[in-house]
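Examination of the molecular architecture
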Amino acid sequence: MMKADTIEIVGFHAHIYFDSDSRDAAARVREGLAQFEVQLGRWHDKPIDPHPQAMYQVAFLPPQFGKVVPWLMLHREGLDILVHPETGDGLRLRPAPAAIHSASVKHRVSKRFPNLSIISLIRLISTISIP
């Protein structure tokens, strides 16, 4: 049975990380994401706190999760992608557990936020099959 104080997820953010060599790939991913009900954020060509490298954000509501995240798994073009829930309370209460699969980004995020084990970085792997 779930506790009465369970945190409600009101949306999700996906952060698409890129560098100068992978910016074109990030642009193609962005073009593909336009087919979904998402809000595409600005391009940040330099790291912007708390993100350790250039990126743009994609915001979407929970009903879109099952469409957007599997699409990213299959079309990420080798990019690292951070997907985390939005609970309306900032970083303070993002649910655990953490799943960080990119060693380089994990190292940079953990150095910047040593106590932030609740951020979920998913390096979406194109070989994962979705039932």
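Small disclaimer: the values here were computed from a predicted structure and weren't measured.

1. A look at the packing of aromatic side chains
- On inspection of all chains with the given rule, the structure shows 6 aromatic pairs.
- With a centroid separation of 5.8 Å and an interplanar angle of 20°, the aromatic rings of F12 and F60 are classed as stacked. Residue F12 is found in strand β1 (residues 11-17), and its partner F60 is found in strand β3 (residues 55-60); the two are separated by 48 residues along the sequence. Across the pair, exposure class does not vary: F12 and F60 are buried alike.
- With centroids separated by 6.5 Å and ring planes inclined at 40°, the aromatic side chains of F18 and Y56 adopt a geometry described as tilted. Of this pair, F18 sits in the loop between β1 and α1 (23-33) while Y56 is found in strand β3, placing the two residues 38 residues apart along the sequence. The pair F18 / Y56 is uniform in exposure class, with both members buried.
- Through successive ring pairs, a cluster of aromatic residues spans F12, F60 and F65.

2. Topic: the confidence of the model for the chain
- Across the chain, pLDDT averages 74, with 63% of residues at or above 70.
- When the criterion is pLDDT under 50, residues 92-103 qualifies, and its contacts beyond four places in sequence or with other chains add up to 28 contacts.
- Segment residues 113-131 is flagged for pLDDT under 50; beyond a separation of four residues in sequence, or across chains, it makes 51 contacts in the model.

Conventions we followed
- Residues numbered from 1 in each chain as written.
- Predicted model: local features only at pLDDT ≥ 70, side-chain atom pairs only at ≥ 80, totals over all residues.
- Heavy atoms only, no water.
- Phe/Tyr/Trp six-rings, centres within 6.5 Å; stacked < 30°, edge-to-face > 60°.
- Helix = DSSP H or I, 4+ residues; strand = E, 2+ residues; numbered from the N terminus.
- Buried < 20%, exposed > 50% of the residue type's maximum accessible area, 1.4 Å probe, protein only.
- pLDDT = per-residue confidence, 0-100.
- Contact = heavy atoms within 4.5 Å.

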